[in-house]
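Analysis of the macromolecular model
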Amino acid sequence: SRLPALPNRSCDRGVFDQMAATEAADLSKLKAASMEEDLLLDTLSIYTIRLLSADMVDKASSGHLGTPFGCAPLANALWGKIMRFSPFQRWLNRDRFVLSAGHASALLYVMLHLTGNGLGGPYEVSMERLQQFRQAGSSTPGHPEFRMTSGVEVTTGPLGQGFANAVGMAIAEAHLAARFNKEGFPLFDNYTFVLAGDGCLMEGVCSEAASLAGHLKLHKLIVFYDDNKVTIDGGTNLAFSEDTAQIFAAKGWNVLHIPNGDLHDSAVYEKAVAEAKSQTEKPSIIIMRTTIGCGSGSGIEGKAKAHGGKFSNIEEIRANCFSPEGLRKSKNPVDHRLAEVIEAELGSLNGSGNGKVLPKFYVPKAVLKKFRLRGDHGDELACEWNRMIAKYCRTFRESDPTLVQDLEDRMRGKYLMDDWRVSLDEYLKKETKLLDAKLGTLLNMAEPRQEEPRPPFKRLKSDGAIGFKNKAGRIYASEVLRCLVQHNPAIIGGAADVASSCGSHFPDLQGHFLPPSRGQGLNDASYAGRYIHFGVREHAMLSILNGICSYSLMIPYGATFTVFFQYGLPAIRMAAISKFPIFYIGTHDSIDLGEDGPTHQPVEVLPQLRAMPNLLVIRPADVNETVGAFEVMAEQYASFRDISQYVDPKPLSRRPIFLMTCRGELGLPYKTNAGLSGREGVKRGAYVVHDCFDIPSGCSVASQLPTGSKVPDIILIGSGQDVGLCMQTKELLLKWSSAFYEQLHNSFDGPIPLPISVNQPCLKIRIVSMPCWELFDEQDQEYQESVLLSNYTDVLSIYVEKAATKNTGHDKYAQYSVLMPSFGLSGKSADVERKLEFTADFVASKVWAAWLERGRHVPQAADTGDRGFSTWVSRMHRRAGGN
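Bear in mind that the values here come from a model prediction, so they are computed numbers and not experimental data.

1. Some remarks on the pattern of salt bridges
Under the criterion given, the structure shown has 48 salt bridges. As a salt-bridge pair, lysine 471 and glutamate 431 come within 2.8 Å of each other at their nearest N and O atoms. Residue lysine 471 is located in the loop between β9 (466–468) and α17 (473–487), and its partner glutamate 431 is located in helix α16 (residues 420–436); the two are separated by 40 residues in the primary sequence. Exposure remark for lysine 471: the relative accessible area of 22% places this residue in the partly exposed category. Classification of glutamate 431 by relative accessible area gives buried; the value is 4%. We note a salt bridge from arginine 619 to aspartate 589, for which the minimum N-O separation is 2.9 Å. In this pair, arginine 619 is assigned in the loop between β16 (616–618) and α23 (623–634) and aspartate 589 in the loop between β15 (583–587) and α22 (605–610), connecting sequence segments 30 residues apart.

What follows is the structure in structure tokens.
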């Protein structure tokens, strides 16, 4: 209303005061009326959220209602007043919401529906989708899944994962703000909100992530802790008695409280969030004292049975919240006013209800309008942000063209520079020139050529001195990573306190991701740094990488010893489900680790990772394959792509990749004689690295040779260091077979009854490098057959791998396997390998014995698995020489 004209200065002071008091009273009345209307709509919204959740769980006969009922007031405030979001655009500066208590997915799906997420499109969270909750093939699964449901930021369910993911999102926001924000252009300044429960806070990953978040001062992270004092087994006092507030305060968090989280007034939550945002030094945790199953009635609310399953009294709850009669029985005056609203709503149904209570899966018009308008407001904010981006690019294109181009490319899904391959080409050219000039040639002919092959793994140093060896696998991985990090600012990551061993930190290139106050004595310590010091927090590291990847615009990587990835397998599993293209670098991959012994020697991790869907596991055999492995990762980020796309096409275009490499030397002892390079071969999963025939002078290509000479008697398959071991084994077998032939030749006076020539050994042996099972399985059948020759019944194939245990799938590719039958040993790597019979002479003895016995029966791939101690492959108690 229009304010009255101010009185003349000569007017009586008392008249002025009286007019001011009247005006203040009128404004107070208007404010009170507005607050009352807001509370009325808040209450109706909360009842709607609870009943929609209840209808979903009731129809599915499965789900969890305790948290959706208890936290409905919070959800109403977040989506109705607090968060900035756009239902129609994956606006990069939107506020993120993470449901760490993923079992409460019904609550999240209800809010996505009410706000109109994906409205009118193929991924709309429609009422029909809510009715398909937890049904096979629906987009509303039992726990939230990224790419499955529009508006879901990360896959959660295993408790604590979402909490750690949110730390990653806050890291992403801080880093992008430091890189791209300029005065007047706050491109990245969003907040990340989390709903976590008692179970989340009990999990170790949550403690790890909270510790790091406090250390990094991630002040745009706000966690709501649903402190309802109840778990599945009963009260939290059975197993959880710590002072959460003091623990988080000690970790460097800003601790706030909402003593009564059951209140309907959204202003309570707005006030708490405003207080959290008022400081810029600490992440905030808001401890809400709530009642699990609040509103479900006596006997359920506040009890452990409220946690999961449908409520038996759902119709009674509906009558209390959605019928005039039930609302008038309430002692709450707000409910009495709501009764009038519900009466009007029932009148508008035109007989589609029963006239007394609103039906199942029903949203009152006022509630739907409220949340849809909030969504419309978010769409406007997203458009404003897009206009700011355009203005930013125009403003700084001349003064900082590289930065602008980087931002534009990333926003179109291309995170690598155009010339990202150049540094890899130069690096590989330098390394191969050094190695190839000194490598010997392993001939398949019985009579060696004049130049004798050099001893295995012995090279010349660049100065000509004897004794040069291959670099360690971890060194190759480090050097290739450095090439990419140096020229591609989108790459960000870290190691779990073992950067010096894994070679994953380059301070001169990456700096340090730290708040300046934590960077005393360090150059380039800021949020613009691209190396994250995760500390000894493997599980948190891997979960945080999921959050960084979810945020978009960055290529996250994490490195540690291979065995310690077991600490964080749940996070890798979430990445695989979500198809997050994260790069894992696992070093110290086998018994080659040596002195640290079986606690650190990962003989079972490789099979565990191979068993995980959507995960590429690459174990390269030399520097060529290592470069190829990095290219497999990089190619996922090298082309333009719509980053708003939720559902990946088939075949998968993006997925996590695990590079597993060794502590010790990595390389082949001899030159390859096959056409496909390791750099390209790794992209096909497996390839022939050394074939069973030599190309004679005058033959330019292998296709000119007779067909019979191309078919081997034995195929030895390996990955990583074991490919070099297979080549050494082949060398021995060729010598033995030549000696064997000579013995036979000398035993006969007449013509030798063998279909071989004088200069040809008895055995023809092919060596196959199989760095990645998953990529090989995706090749066409013709290529697979050309490598493994599985249709040739008289070809004996044997898989050699010291990084894996028996009965873990090798029979899919080979008839026999030489694998680890137990955990490893402590000692020097060479001694451990000899003790466990992973040396060329032991492996050759086993292969030779199998070949001599082949006439009985050559089993086909997948006929039977390794039969344990009854087979030659696993006999630790019988030395191979006895064969």
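2. Digging into the packing of aromatic side chains
Considering all chains together, one arrives at 26 aromatic pairs under this definition. Residues tyrosine 584 and phenylalanine 658 carry aromatic rings whose centres are separated by 6.1 Å and whose planes lie at 40° to one another, so their mutual orientation is tilted. Residue tyrosine 584 is found in strand β15, and its partner phenylalanine 658 is found in strand β17 (residues 657–660); the two are separated by 74 residues along the sequence. As far as the burial class goes, tyrosine 584 and phenylalanine 658 line up, both buried. Plain terms: the ring middles of phenylalanine 776 and tyrosine 783 are 6.4 Å apart, the flat faces sit at 65° to each other, and that makes the pair edge-to-face. No difference in accessibility class separates phenylalanine 776 from tyrosine 783, as the two residues are buried.

3. Considering the packing of helix α6 (residues 161–180) against helix α15 (residues 401–411)
Two quantities define a packed helix pair, namely the angle between the axes and the distance from one axis to the other. Running from amino to carboxyl end, α6 crosses α15 at an angle of 145°, the nearest separation of the two axes being 11 Å. On α15, the residues that touch Leu176, Arg179 and Phe180 of α6 are Leu403, Asp406, Leu407 and Arg410. A class-by-class count of the residues in the contact of α6 with α15 yields four nonpolar, no polar and three charged.

4. Some remarks on the side chain of asparagine 546
Positionally, asparagine 546 belongs in helix α20 (residues 538–551). The exposure class assigned to asparagine 546 is buried, which follows from its relative accessible area of 1%. Setting aside residues up to four positions removed in sequence, asparagine 546 forms contacts with Asn165, Ala571, Met574, Ala575, Phe580, Ile582 and Tyr584.

5. Focus: the environment of cysteine 393
In this fold, cysteine 393 is placed in helix α14 (residues 365–396). Judged by relative accessible area, which is 4%, cysteine 393 ranks as buried. Sequence separation of cysteine 393 and glutamine 405 is twelve residues, and the distance between their C-alpha atoms is 8.4 Å. Apart from the residues within four sequence positions on either side, cysteine 393 is in contact with Val404 and Glu408.

6. Quick notes on the pairing of strand β21 (residues 796–805)
Residues in a regular strand project their side chains so that they alternate between the two faces of the sheet. Most of β21 sits out of view: ten of its ten residues are buried. As paired strands, strand β19 (residues 714–718) and β21 are joined by five bridges and run parallel to one another. Directly across from leucine 716, in β21, lies its bridge partner isoleucine 798. Taken together, the five bridges between β21 and strand β22 (residues 816–820) define a ladder with parallel strand orientation. Considered in β22, the bridge of valine 800 is made with valine 818.

7. Focus: the nonpolar core
Formed by 136 residues in total, the largest nonpolar core has its most connected members in Phe163, Leu187, Phe188, Tyr584 and Phe630. For this core, the element with the highest residue contribution is α6, accounting for twelve residues.

8. Regarding the sheet that holds strand β2 (residues 192–197)
Read from one edge of the open sheet, five strands run β1-β2-β3-β7-β6, paired in parallel fashion. The sheet terminates laterally at β1 (96–99) and β6 (254–258), the two strands that pair on one side only. Here the strands of the sheet are splayed against their neighbours by 20° on average, with no regard to which way each runs. Inspection of the sheet shows β2 paired to strand β3 (residues 221–227) by six bridges, in the parallel sense. By the bridge assignment, phenylalanine 193 is partnered in β3 with isoleucine 222.

9. Quick notes on the packing of α14 against α15
Close contact between α14 and α15 brings their axes to 9 Å; oriented N to C, the two are set at 150°. The angle between α14 and α15 places the two elements in the roughly antiparallel class. The two elements α14 and α15 meet at a crossing, and its hand is left-handed. Here α14 contributes Trp385, Ile389, Tyr392, Cys393 and Phe396 to the contact with α15, which in turn contributes Pro401, Leu403, Val404, Leu407, Glu408 and Met411.

10. Concerning the sheet that holds strand β14 (residues 555–561)
With respect to topology, six strands assemble into an open sheet ordered β13-β10-β14-β15-β17-β16, the strand pairing being parallel. Unpaired on one side and paired on the other, β13 (531–533) and β16 mark the two borders of the sheet. Each adjacent strand pair in this sheet contributes to an overall mean axis angle of 20°, direction not counted. In this structure, strand β10 (residues 491–495) lies alongside β13, joined through three bridges in parallel fashion. For alanine 495, the partnering residue across the bridge sits in β13 and is histidine 533.

11. As for unusual backbone geometry
If you check the backbone angles, arginine 147 has positive phi at about 75° while not being a glycine. One can find arginine 147 in the loop between α5 (127–131) and α6. Its relative accessible area of 9% is what places arginine 147 among the buried residues. Despite not being glycine, lysine 579 shows a phi value in the positive range, around 60°. On the basis of relative accessible area, lysine 579 is assigned to the buried category, the value being 15%.

12. Brief notes about the confidence of the model for the chain
Of all residues in the chain, 85% attain a pLDDT of 70 or more, and the chain-wide mean is 88. Confidence drops under a pLDDT of 50 for residues 643–651, and excluding neighbours within four residues, the segment shows 23 contacts in the predicted structure. When the criterion is pLDDT under 50, residues 862–883 qualifies, and its contacts beyond four places in sequence or with other chains add up to 40 contacts.

13. With respect to the environment of glycine 678
Turning to its location among the elements, glycine 678 is positioned in helix α24 (residues 678–681). The spatial distance from the C-alpha of glycine 678 to the C-alpha of proline 771 is 9.6 Å, given a sequence separation of 93 residues. Excluding its chain neighbours within four sequence positions, the residues that come into contact with glycine 678 are Asn624, Glu625 and Tyr687.

14. Overview of α17
Taking 1.5 Å per residue, 15 residues should reach 21 Å; α17 reaches 22 Å between its end C-alpha atoms and fits that length. For α17, the complete set of buried residues consists of Gly473, Arg474, Tyr476, Ala477, Ser478, Val480, Leu481, Cys483, Leu484 and Val485.

Reading the values: the criteria
- Residues numbered from 1 in each chain as written.
- Predicted model: local features only at pLDDT ≥ 70, side-chain atom pairs only at ≥ 80, totals over all residues.
- Heavy atoms only, no water.
- Salt bridge = Lys/Arg side-chain N within 4 Å of Asp/Glu carboxyl O.
- Helix = DSSP H or I, 4+ residues; strand = E, 2+ residues; numbered from the N terminus.
- Buried < 20%, exposed > 50% of the residue type's maximum accessible area, 1.4 Å probe, protein only.
- Phe/Tyr/Trp six-rings, centres within 6.5 Å; stacked < 30°, edge-to-face > 60°.
- Axes fitted to C-alpha atoms, helices over the stretch in contact; angles between N-to-C directions.
- Contact = heavy atoms within 4.5 Å.
- Nonpolar A, V, L, I, M, F, W, Y, C, P; charged D, E, K, R; others polar.
- Pairing = 2+ DSSP bridges.
- Core = buried A, V, L, I, M, F, W, Y, C linked by side-chain atoms within 4.5 Å.
- Parallel < 35°, antiparallel > 145°, perpendicular 65-115°, else oblique.
- Left-handed = near helix turned anticlockwise from the far one by under 90°.
- pLDDT = per-residue confidence, 0-100.
- Expected span 1.5 Å × (residues − 1).

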